[in-house]
Amino acid sequence: MKIRKKLNNNVVIAVNKMNVEFVLVGKGLAYGKTIHDEIETAEAEKVFKIRGKGVAEKLSRIIEDIPLEHVKVCDEIINFAKRELKEELNEKIYLTLIDHLSFAIERHNAGIDISSLLKFEIKKIAPEEFRVALAALDIVEKRLHIRLPDDEAVYIAFHILDSRTTEDPFTLKSIEFVANIMKTIRSEYEINCDEDYQPYNRFIIHLQYLARRIFQPDKVLKIEDDLFLYQKLKEELPETHRCVCLIEQKIWEDYSFQLNENEKSYLMVHLYHLIS
């Protein structure tokens, strides 16, 4: 294997006889070496085999200034995720997760932790990824003796979800949609987001169904409007109807989708039980 590019004494890009790129990382790995010199994977503490065009260059740039311990922990997490999910992950996770997790550790050490309002939503919509992400926090703690807050698992889960090669793109859109609607509701009400609170669970499921109507209308059965039910709920639940109108406006502005009376009726029913 020959060195194609030397970032510093600890990080190089190398290619084998088949012209497959590798990123090799290790303390003093490339000391005294130059481009085209021979180098063996056994000399490295961590080896990344890269298939995607340009990924090796981007990855080497990211890990150039990141502690080796962080790189090794991220690699362990990614391999753990592959085993648990029983599938390969897109190589871009090496770019996104290593950068994110190293920065999160630096923030935590500086006493700056960022909370997430999406924890309950992602637990419902992407439970597999969230479970793996929580385990990732255990790996960080075991290897680096640092316990990141559980909210950090939300961001890790997003990186895993975004890199799953078999993942339906609808899932990410659904999470974003639910988060936007919940943000609108939280601006108006104090609500119980406990995962064991059934009205909350029902509301999240309904929002997922609504997201599918917006993003995958061909896969959802169309139902005729019930104007009588809508008018009745509008009169009996004026405060709930006001909030549904805010949701309707948000959906139109962000997704150019117009809610019909049936959809607004269902939202009123679920929202009424959620805020009661």
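Here's what I pulled together on the structure shown here. All of these numbers come straight from a predicted model, not from anything done at the bench.

## A look at helix H7 (residues 169–186)
Helix length check: H7, at 18 residues, gives a terminal C-alpha distance of 26 Å against a target of 26 Å (1.5 Å per residue), a fit within 8%. Buried residues of H7: Phe170, Thr171, Ser174, Ile175, Phe177, Val178, Ala179, Ile181, Met182, Thr184 and Ile185, and no others. Those residues of H7 hidden inside the fold are in contact with helix H4 (119–125), helix H6 (151–163), helix H8 (198–215), helix H10 (238–255) and helix H11 (261–275).

## As for the packing of aromatic side chains
Applying the stated rule across the entire model yields four aromatic pairs. Between phenylalanine 177 and phenylalanine 215 the ring centres are 6.3 Å apart and the planes differ by 90°, which places this aromatic pair in the edge-to-face class. Residue phenylalanine 177 is found in helix H7, and its partner phenylalanine 215 is found in helix H8; the two are separated by 38 residues along the sequence. Taking the relative accessible area as the measure of exposure, phenylalanine 177 reaches 0% and is therefore buried. Here a set of aromatic residues connected by ring pairs shows up, and it is made of Phe177, Phe215 and Tyr255.

## Points about the packing of H10 against H11
Direction vectors running N to C along H10 and H11 enclose 120°, while the axes themselves pass 9 Å from each other. It follows from the interaxial angle that H10 and H11 lie oblique. The two elements H10 and H11 cross, and the hand of that crossing is right-handed. In contact with Thr240, His241, Cys243, Val244, Ile247 and Glu248 of H10, H11 contributes Lys264, Leu267, Met268, Leu271, Tyr272 and Ile275. Residue composition of the contact of H10 with H11, grouped by class: eight nonpolar, two polar and two charged.

Conventions used here
Residue positions are given per chain, counted from 1 along the sequence in the order it is written. Local features are withheld for residues below a pLDDT of 70 in this predicted model, meaning they are given only at 70 or higher, and side-chain atom pairs are given and counted only at 80 or more; totals for whole chains, interfaces and linings count all residues. Excluding hydrogens and water, the side-chain values take into account all heavy atoms of the structure. By definition, any uninterrupted DSSP run of H or I lasting at least four residues is a helix, any uninterrupted run of E lasting at least two residues is a strand, and each is numbered from the N terminus. Take the residue count of a helix, subtract one, and multiply by 1.5 Å to get its expected span. For every residue, the accessible area obtained with a 1.4 Å probe (protein chains only) is divided by the maximum for its type, and the residue is called buried under 20%, exposed over 50%, and partly exposed between those limits. Contacts between residues were defined by any pair of non-hydrogen atoms, one from each residue, lying within 4.5 Å. Side-chain rings of Phe, Tyr and Trp, where Trp is taken by its six-membered ring, are said to pair if the distance between their centres is within 6.5 Å; with planes under 30 degrees apart they count as stacked, over 60 as edge-to-face, and otherwise as tilted. To define axes, lines are fitted to C-alpha atoms, for helices over the stretch in contact only, and angles between the resulting N-to-C directions are given on a 0 to 180 degree scale. Each angle receives one of four descriptions, namely roughly parallel if under 35 degrees, roughly antiparallel if over 145, roughly perpendicular if within 65 to 115, and oblique otherwise. If you view the pair so one helix is near and one far, a crossing is left-handed when the near helix is turned anticlockwise from the far one by less than a right angle, and right-handed when it is turned clockwise. Here the nonpolar group is Ala, Val, Leu, Ile, Met, Phe, Trp, Tyr, Cys and Pro; Asp, Glu, Lys and Arg are the charged ones; every other residue, Gly included, is treated as polar.

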